[in-house]
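In case you want the letters, here they are:
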Number of protein chains: 2
Amino acid sequence: MILPVSLGDRSYEVRVERGCLRRAGESMNLDRRVLIVTDEGVPAEYAEAVAAACREAVLVTVPQGEGSKSLATLEELLLTMLRHGFTRSDAVCAVGGGVPGDLAGFAAACFMRGIDFYNVPTTVLAQVDSSVGGKTAVNLGGVKNIVGAFHQPRAVLIDADTLSTLSQRDVSAGLAEAVKMGLIADAALFALFEREDPMAHIEEIIFAALREKARVVASDEREQGLRKCLNFGHTVGHGIESAAAGALRHGECVAIGMLPMCAPALRPRLRAVLERLHLPTSCHYDPDAVLDAALHDKKAGAGGVDCVLVDAPGAFRLEKLTPEQLRARIVEVLEP
Amino acid sequence: MILPVSLGDRSYEVRVERGCLRRAGESMNLDRRVLIVTDEGVPAEYAEAVAAACREAVLVTVPQGEGSKSLATLEELLLTMLRHGFTRSDAVCAVGGGVPGDLAGFAAACFMRGIDFYNVPTTVLAQVDSSVGGKTAVNLGGVKNIVGAFHQPRAVLIDADTLSTLSQRDVSAGLAEAVKMGLIADAALFALFEREDPMAHIEEIIFAALREKARVVASDEREQGLRKCLNFGHTVGHGIESAAAGALRHGECVAIGMLPMCAPALRPRLRAVLERLHLPTSCHYDPDAVLDAALHDKKAGAGGVDCVLVDAPGAFRLEKLTPEQLRARIVEVLEP
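Predicted model only: the values in this text are computed from it and were never measured.

K.L.:
Explanation requested: the interface of chain B and chain A in the structure shown.
P.N.:
How big an interface is tends to be reported as the loss of accessible area on association of its parts. In this complex, chain B contributes 29 residues to the contact, which on the side of chain A involves 29 residues. Carbon and sulfur atoms supply 61% of the area that chain B and chain A bury against each other, a total of about 2600 Å² over both sides. For chain B, the biggest contributors to the area lost against chain A are R113(B), L140(B) and I146(B); these three give 28% of the whole. Taken together, chain B and chain A are joined by two salt bridges. With a shortest N-O distance of 2.8 Å, E223(B) and R88(A) are connected by a salt bridge. One can count eight residue pairs in polar contact (both at pLDDT 80 or more) joining chain B with chain A.

K.L.:
Explain the nonpolar core here, please?
P.N.:
Grouped burial of nonpolar side chains is what soluble globular proteins tend to show. Formed by 72 residues in total, the largest nonpolar core has its most connected members in V14(A) and L183(A). For this core, the domains that each give at least three residues are domain 1 (2–164) and domain 2 (168–332) of chain A.

K.L.:
Before we go on, may I ask you to explain the domain arrangement of chain A in this structure?
P.N.:
All names here are of chain A. Parsing chain A into structural domains produces domain 1 (2–164) and domain 2 (168–332). The straight-line distance from the C-alpha centre of domain 1 to that of domain 2 is 26 Å. Facing the 26 residues of domain 1 at the interface are 25 residues of domain 2. A buried area of about 2300 Å², summed over both sides, lies between domain 1 and domain 2, and 65% of it is on carbon and sulfur atoms. On the domain 1 side of the interface with domain 2, the three residues burying the most area are L3, V128 and F150, jointly 26% of the side's total. In this structure, the connection of domain 1 to domain 2 is made through five salt bridges. For E203, the salt bridge identified is with R18, shortest N-O distance 3.8 Å. At the boundary of domain 1 and domain 2, one finds seven residue pairs in polar contact (both at pLDDT 80 or more). Where the side of domain 1 that touches domain 2 is concerned, the elements lending two or more residues are β1 (2–5), β2 (12–16), α5 (124–130) and β8 (143–150). Per-element accounting of the side of domain 1 that touches domain 2 gives the leading share, six residues, to α5.

K.L.:
Would you take a moment to explain the pattern of salt bridges for this structure?
P.N.:
It is possible for side chains of opposite charge to pair when their charged atoms get near one another. Residue and element names in this part refer to chain A. For the structure shown, the criterion picks out 62 salt bridges over all chains. Across the salt bridge formed by R211 and E212, the nearest N and O atoms sit 3.2 Å from each other. For E212, a relative accessible area of 7% corresponds to the buried category. If you follow the salt bridges from partner to partner, you end up with E66, K69, D102, K144 and E241 in one network.

K.L.:
Looking at this model, I keep getting lost on the relation of the copies chain B and chain A. Mind explaining?
P.N.:
What relates the pair of chain copies is a rotation about an axis plus a shift along that axis. Mapping chain B onto chain A calls for a screw motion: a turn of 180 degrees about the axis and a shift of 0.0 Å along it, with 0.0 Å RMSD after fitting. Taken together, the rotation and translation relating the two chain copies correspond to the operation of a two-fold axis. Counting the interface residues of chain B, we find that 100% of their copies in chain A are interface residues as well, pointing to one common contact surface.

K.L.:
What is the right way to look at the state of the cysteines in this model?
P.N.:
All names here are of chain A. Counted by the stated rule, this structure contains zero disulfides over all chains. C283 supplies the cysteine sulfur nearest to C253, a cysteine that is in no disulfide, at a spacing of 7.4 Å. Judged by its relative accessible area of 0%, C253 is buried.

K.L.:
Sorry, what's going on with the pairing of strand β9 (residues 155–158) of chain B here?
P.N.:
Side-chain positions along a regular strand alternate between the two faces of the sheet. Residues and elements named next belong to chain B. Across the two faces of β9 the burial is the same, with A155 and L157 and V156 and I158 all buried. Sheet analysis places strand β2 (residues 12–16) next to β9, joined by four bridges and oriented parallel. Note that in β9 the partner of V14 across the bridge is V156. One ladder, built from two bridges, connects strand β6 (residues 116–121) with β9; its direction is parallel. If you follow N119 over to β9, its bridge partner there is V156.

How each quantity is defined
Residues numbered from 1 in each chain as written. Chains lettered and ligands numbered in written order. Predicted model: local features only at pLDDT ≥ 70, side-chain atom pairs only at ≥ 80, totals over all residues. Heavy atoms only, no water. Contact = heavy atoms within 4.5 Å. Buried area = accessible area lost by both parts, 1.4 Å probe. Salt bridge = Lys/Arg side-chain N within 4 Å of Asp/Glu carboxyl O. Polar contact = N/O pair within 3.5 Å; in protein donor to acceptor, adjacent residues only side chain to side chain. Core = buried A, V, L, I, M, F, W, Y, C linked by side-chain atoms within 4.5 Å. Buried < 20%, exposed > 50% of the residue type's maximum accessible area, 1.4 Å probe, protein only. Domains from an automatic or database assignment. Helix = DSSP H or I, 4+ residues; strand = E, 2+ residues; numbered from the N terminus. Least-squares fit on C-alpha atoms with pLDDT ≥ 70 in both. Disulfide = S-S within 2.5 Å. Pairing = 2+ DSSP bridges.

In structure tokens form, the structure reads like this:
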């Protein structure tokens, strides 16, 4: 299946096809120098499959985890490109989850003010969400994704066969973002989660989630307006993620964070979906700590904080909540 | 005088007006947090004039010179913004020459994936050339401008009164880029250099040079084609700059580098203009060292290296020169 992402002269295609990793040269122009960035948690054979298709591959494996999304690691990648004589005509390719994707994407964005970037996501989270949209970044001073660029890939290659090596927990956490996409934009996708075994329909889920995301990104590439709907579940989710200090996955926090932003009538349905996915539906952190972290970097202007709310699957609305209203919703998903 | 730069939703205005530095708040939205970046070579009163117009100014003065265009200094600026709670709605403003402009512009480009940037150039080189075009960058591994972004300013403020504190040598080196602009795009501008005292017409020169540059940038923002004409004089110029190892200014190298790229009949006219500006017209470096450095990062593909040539003021043509042809031209401006 091919999904076109329409962004004028930055348009590109997402290929969702089992086995496409072994045919990487068909979807990407690898007849040049290519910096391939992967991490230690990704089976080495995936990056090697891409490398085998390159005229001149330079393979860099960074440590697993957010720690690699740093300016120091970025500098290493840029120096590696310089050492190997990379020019504007060469390319960067990420193979793995969001960490190699965000890091390598930013390296491609700023090397010589922008060279071609390819993304080969191999986790559920990256396949259903982060590989499309052009957001690249590293962390700084304890703040996630604070330094980066909008830099669209030239192509995204999604091979669902790579998901077989993931833990159940990583699969579930990744699927939380696809559930989110169903809730805000695609009732049929949400219904699929209510009825079917998601892994038996994973390519359909990936395609549907990315199709909706591509539509949002095409109309608001640089997050000036509509794209904010993708933050559904993320305001409270970020607050929980900060309070959890590493104990919960991003997708697990988003799962919990969506509940209070649904209309009360929808919550039992969402809770049932999350339970079938073995995702958490509540946690036990201090509500004020969650609220403080949720409000961080948000300007609670006149009328409150912009929040994304869902009344019924397939559509969202924006509403300003005061910090007090937000706190009341947070309390509903916190165990006493 | 107001020069509009047409770049769709990234369009902006350049104001060329004596005294406008004291009225900075009229041209820029400073009713927010503003990181002002200047360097130790710039009279402190310029940055202070901008700071006085800001709701909340954070002033950073970096050491003078290319050494400040580093990832380390970039990180300092970004951490300073984080410490002061900068958000997407805040801004960065450069006050000075190309070093604060390139550095602060890149900080604005990548903080939260891009916030507003203003440029207040106070050197001739920055006023006639580098402040318009959206190129931002730092250096890495000994390679100039290798890491950066295209990030257009929201406004550029040019106050020619700031030029009174510059040395004659810096004025002349800056004017070399305006001579270049006349040669490739504006015969009347070149004629002005042949007839008049440039400092008596400096605002007219700034406006004409930026008008032509804005036209080129508007049709080729990301340097895919036409914008390469701005490299007139720069291929050989970069080679000389590298061989000179700091002994010559960038503009002085461009001055010398333009001569061999002009038709022989035009060279005496250009030489006369450069001599009136007290700019060098030859140097004494090893031709092979200059050639090697000139070819660095250029792919001498089939048919040779793309070069910009001028037969008569006001128009250019592109021609591929073989390394041998380029060397023969270089020898003409090297003293034995």
